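Structural features, examined
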Amino acid sequence: QVQLVESGGGSVQAGGSLRLSCAASGTIFSNSAMGWYRQAPGKQRELVARITSGWRRNYADSVKGRFTISRDNAKNTVYLQMNSLKPEDTAVYYCAADPTESGRYDFWGQGTQVTVSS
């Protein structure tokens with residue numbers, strides 16, 4: 001089994017930055033695609049960023065140029081650097097693992113709250 005534990009959320013003013021971390025247990029991390037999702041109150045969960053085992057990265061249009069996803073396989077950790085934060089970035093952010101790199105995320109973290117005030 002794989003366990004994912006997010007950290008780094010918090011409250012910040014608009015224009016500020018946060019870095020989220022997701023530590024993974026288990027042995028599948030280096031071969032998995034990893035994703036960061038978010039869900040705001042009353043909205044559907046959306047994929048914010050994804051990174052494959054080969055470091056191919058994709059971003060939602062709403063965060064392009066502001067967010068950067070990266071990974072450290074030696075630490076079994078994936079990061080989401082969030083800059084120029086906006087109030088509309090406020091959400092619970094979830095880390096997820098896609099072990100087969102098929103687009104199906106089989107493992108999820110518990111989520112971390114990000115609140116951006118204007």
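Residues numbered from 1 in each chain as written. Predicted model: local features only at pLDDT ≥ 70, side-chain atom pairs only at ≥ 80, totals over all residues. Heavy atoms only, no water.

Comments concerning the side chain of Asn76
By secondary structure assignment, the location of Asn76 is in the loop between strand S7 (67-72) and strand S8 (77-82). From its side chain, Asn76 meets the backbone oxygen of Gly26 in a polar contact 3.3 Å long. Residues within four places of Asn76 in sequence aside, it is in contact with Cys22, Ala23, Ala24, Gly26 and Phe29. (Helix = DSSP H or I, 4+ residues; strand = E, 2+ residues; numbered from the N terminus. Polar contact = N/O pair within 3.5 Å; in protein donor to acceptor, adjacent residues only side chain to side chain. Contact = heavy atoms within 4.5 Å.)

What to know about the nonpolar core
Ranked by internal contacts, the top residues of the largest apolar core, which has 29 residues, are Leu4, Trp36, Val78, Leu80, Met82 and Tyr93. Those elements giving two or more residues to this core turn out to be strand S3 (18-24), strand S4 (33-39), strand S5 (46-51), S7, S8, strand S9 (91-98) and strand S11 (112-117). Sequence-distant contacts of Tyr93, defined by excluding residues within four places in its chain, comprise Glu6, Leu20, Trp36, Tyr37, Arg38, Val48, Phe67, Leu80, Met82, Gly111, Thr112 and Val114. (Core = buried A, V, L, I, M, F, W, Y, C linked by side-chain atoms within 4.5 Å. Buried < 20%, exposed > 50% of the residue type's maximum accessible area, 1.4 Å probe, protein only.)

Brief notes about the sheet that holds S8
An order of S1-S3-S8-S7 is seen for the 4 strands of this open sheet, with the pairing classed as antiparallel. A strand with exactly one partner marks an edge of an open sheet, and here the two such strands are strand S1 (4-7) and S7. Direction aside, the axes of adjacent strands within the sheet are offset by 15° on average. Relative to S3, S1 runs antiparallel, the two being bridged by 4 bridges. Among the inter-strand pairings, Leu4 is bridged to a residue of S3, identified as Ala24. (Pairing = 2+ DSSP bridges. Axes fitted to C-alpha atoms, helices over the stretch in contact; angles between N-to-C directions.)

A closer look at the state of the cysteines
A full pass over the atoms with the stated rule returns 1 disulfide. Across the disulfide, Cys22 is cross-linked to Cys95 (sulfur-sulfur distance 2.1 Å). Judged by the sign of its S-S torsion, about -75°, the cystine formed by Cys22 and Cys95 is left-handed. Of the two residues, Cys22 sits in strand S3 while Cys95 sits in strand S9, which places them 73 residues apart along the sequence. Cys95 matches Cys22 in its accessibility class, with the two residues each being buried. (Disulfide = S-S within 2.5 Å.)

Remarks on the pattern of salt bridges
Per the counting criterion, the structure on display carries 6 salt bridges. Between Asp98 and Arg50 there is a salt bridge; the shortest N-O distance is 3.1 Å. Remark: Arg50 occurs in strand S5 and Asp98 occurs in strand S9; sequence separation between them is 48 residues. In this structure Arg50 comes out as buried when scored by relative accessible area, which is 13%. The partner of Arg66 in a salt bridge is Asp89, and the shortest N-O contact between them spans 2.7 Å. Of the two residues, Arg66 is situated in the loop between strand S6 (57-59) and S7 and Asp89 in the loop between S8 and S9; the sequence distance between them amounts to 23 residues. Given the relative accessible area of 10%, Arg66 is considered buried. Linked by salt bridges that have partners in common, Arg38, Glu46, Arg66 and Asp89 make up one network. (Salt bridge = Lys/Arg side-chain N within 4 Å of Asp/Glu carboxyl O.)

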